[in-house]
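# Understanding the architecture of this molecule
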Amino acid sequence: MNSRRLRPKCQRGMVLILIAFIIGLGAAAFMFKMFNASSLQVEQDEKTMRVLGEAKAALIAWAVSHPSHPGQMPYPDRNGDGNYDGYSDCFATNVSFSYSFLLGRLPIRGLDPNCNNHGITVSAALGEDFRDGTGEPLWYAVSKNLVHDYNGTGSNPIINPSISNIATDWIEVVDRNGNVISNRVAAVIIAPGTSVGAQDRSSAAPDAREYLDRIVRTSDGVPFKNYSLPPLEANQFIMGEDIRRVGANDTVFQKPYYFNDKLVFITADELLAALEVRAANELKNALLNYFEPVSGDRPNGRGVGYFPYAASLGSGKDYACVTSNVAGVLPINSLAPANFTCSYSRGGGVTSASCSTGFTNINSIDMRRNNNFTSSLGSCTRSGRDCTCTGVGSCSRNTQTFSCNASGSCVANFNGTVTFKGGEFTSANTRCSLACTDVMCSGAGAGSATRDSCADPVFNTGGSQLPTWIMTNRWYDYFYYASSRNGIKLTAGSKTNIDSLLVGTGRTIIAPNSAVSKGGSQSRPSCLVNDYLDTAENADADEIFDKQSLTRVPNYNDHTYIVAP
């Protein structure tokens, strides 16, 4: 009897065990599903970040290897033509520029063939159809400073280190709190992820806002949109927090919160550092071709057996080599001037100045007097006590006159100080002295200044000729050149016995940063080495330079390149 009474309890126990088992299976299945979903999301995020890095590297490589305009960036693939076809879209020459032209999908097929009517050669493809972990094509925004101008002159941007000091039209990237990460961004690449909120991507070519997201800061209601552009809004992109990581207790952002964009960016400095390497290689090859005889490795060699003498720092006119000058700027001018001399004398209340080639090889002859000039004629202009003459003309005050004729002979019926400007002078004597590459003469007596030509075979011709883009973008202005032609070998860090090297000088360092060598802002062109080179070691005018691997920072951007051996 007792055993019969226990059976219902036993059955109920078995049911409870079965229910617990079923609940356990459900919980396990739920946990397994959640684990799989989480793993899938991690895999998607990892793929997205990997693809973004690959796309960034490909875009830098595309810009740096551009055959005719290195550094130039492509326009995005926009929906202005009714589709996203993978091509970089230009715009009609009769259409005013719009900042909306700078945002779209990352172009993967090169320039749109329809752009050929602009006279632009179709550019190479980016090389891969980059897609994020959800399968969406990547998006892309580019700085106006780095794209072709289809209007006006139809010009290409001049891209060299000077663009780093341009104050406008760079992209700004901020963090989740609106703090600026960089305000000199050349391009951003964005993975849009799956649609969030009210985004609708069902049309043939949806607008950017259907892919790129916005967030609003709680503290001040300021919205950050990855699809906004000037002039109505800032040229700004945000590296926000993923929607899955912003909980209900997060007070930084207004709710509902919809954001899953992921982005990487290319700064102007990153692009320029890569460009400088290409420029350095071009300059190095030109120098080696000048030095070495023709061979299988150097079919363009000239075989002179030495590196050219350098042009003077501060060269703003002829960039011609100077005899015995083993450090300075590259002697890129293939038309160096013949020797010429300018003379000065003062005596008996008369000051005279003249140049053997007239005004051909100088910019001007300047006269300074004790009192202001009151009138000027012809090719002479006055500014207070100074009269600047570039040809036939005169400056006067009452009966006192300074005048020049067509042959470059000038005379004043008073005592004054003369400056010969723009002559790239190499020496001066007695009453005349070098002031950078100009010459200033003063005091009673006579003096002269000379520009000596260099007897070297001309650099930058034939096998040593530099590419057009180097010349057009003036990359030669951003390298300091040194050789051991005087018999003293060079040193860079621990590397000794160097015959020739280049130092990439980068952009001029200006306040609030300060080059260590200068102790203040740099200025170019200049005759001072510390306006180009940033450390005491580099700027002390000896044969010892920094090693090649130093990291660039805001107050140091030199980089050493060994030419030979």
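Here is what the cut-offs are and how they apply
- Residues numbered from 1 in each chain as written.
- Predicted model: local features only at pLDDT ≥ 70, side-chain atom pairs only at ≥ 80, totals over all residues.
- Heavy atoms only, no water.
- Helix = DSSP H or I, 4+ residues; strand = E, 2+ residues; numbered from the N terminus.
- Rg over C-alpha atoms; globule rule 2.2 N^0.38 Å.
- Buried < 20%, exposed > 50% of the residue type's maximum accessible area, 1.4 Å probe, protein only.
- Contact = heavy atoms within 4.5 Å.
- Areas by Shrake-Rupley, 256 points an atom, 1.4 Å probe, with all protein chains shown as cover.
- Lys, Arg positive; Asp, Glu negative; His and termini not counted.
- Charge placed at Lys NZ, Arg CZ, Asp CG, Glu CD.
- Pairing = 2+ DSSP bridges.
- pLDDT = per-residue confidence, 0-100.
- Salt bridge = Lys/Arg side-chain N within 4 Å of Asp/Glu carboxyl O.

## So, the overall build of the protein
Helix and strand content of the protein: four helices and 27 strands. Its C-alpha atoms give the protein a radius of gyration of 34 Å, clearly above 24 Å, the size a compact globule of 565 residues would have. Taking all 565 residues of the protein together, the buried fraction comes to 46%. For the protein, the share of sequence-separated contacts (at least 6 apart) that also reach a separation of at least 24 residues comes to 59%. On the protein, roughly 26,300 Å² of surface is accessible, and the fraction owed to carbon and sulfur atoms is 53%. Across the protein, 48 positive and 50 negative side-chain charges occur, with their mean positions spaced 6 Å apart.

## A short note on the environment of Ser354
Checked against the element boundaries, Ser354 lands in strand 11 (residues 350-355). Owing to a relative accessible area of 26%, Ser354 belongs among the partly exposed residues under this scheme. Distance in space between the C-alpha atoms of Ser354 and Phe420 is 9.2 Å, their sequence separation being 66 residues. Those residues in contact with Ser354 that sit more than four places away from it in its chain are Thr341, Cys342, Ser343, Gly408, Ser409 and Phe420.

## Comments concerning unusual backbone geometry
Across the junction of Pro230 and Pro231, the peptide omega takes the value 0 degrees, indicating a cis bond. Note the cis peptide between Ala564 and Pro565, where omega equals 5 degrees. For Pro565, the location among the structural elements is in the segment after strand 27 (559-564). The phi dihedral of Ser324 is positive, around 75 degrees, even though this residue is not glycine. Relative to the elements of secondary structure, Ser324 occurs in the loop between helix 2 (268-291) and strand 9 (327-328). Positive phi is not limited to glycine here, since Asn497 has a value of about 60 degrees. With respect to the helices, strands and loops of the structure, Asn497 is situated in strand 24 (residues 495-498).

## So, the sheet that holds strand 24
Taken in spatial order, the three strands line up as 24-23-26 in an open sheet, and their pairing is mixed. One side of each edge strand has no neighbouring strand; the edge strands of this open sheet are strand 24 and strand 26 (544-545). Pairing analysis gives two bridges linking strand 23 (residues 490-492) to strand 26, with the strands arranged parallel. Pairing of Ala492 across the sheet is with Phe545, part of strand 26.

## Regarding the confidence of the model for the protein
The share of residues in the protein with pLDDT of 70 or more is 91%, and the mean pLDDT across the chain is 90. The low-confidence segment residues 31-35 (pLDDT under 50) makes zero contacts with residues lying over four places distant or belonging to another chain.

## Quick notes on the pattern of salt bridges
Tallied over the entire structure, the rule returns 22 salt bridges. Here Asp366 ties to Lys421 by a salt bridge, and the two come within 3.1 Å at their closest N and O atoms. Residue Asp366 is found in strand 12 (residues 364-368), and its partner Lys421 is found in strand 17 (residues 417-421); the two are separated by 55 residues along the sequence.

## Brief notes about the pairing of strand 4 (residues 180-191)
Extensive coverage of strand 4 is indicated by the burial of nine of its 12 residues. Pairing between strand 2 (residues 139-142) and strand 4: four bridges, direction antiparallel. Looking at strand 4, one finds that Tyr140 is bridged to Ile189. As judged from the three bridges shared by strand 3 (residues 171-174) and strand 4, these two strands associate in the antiparallel manner. When the sheet's bridge partners are listed, Ile171 is paired in strand 4 with Val185. The hairpin formed by strand 3 and strand 4 contains five residues between the paired strands, and Gly178 there has a positive phi angle of roughly 85 degrees. As paired elements, strand 4 and strand 8 (residues 262-267) share six bridges and run antiparallel to each other. Opposite Ile189, over in strand 8, you have Val264 as the bridge partner.

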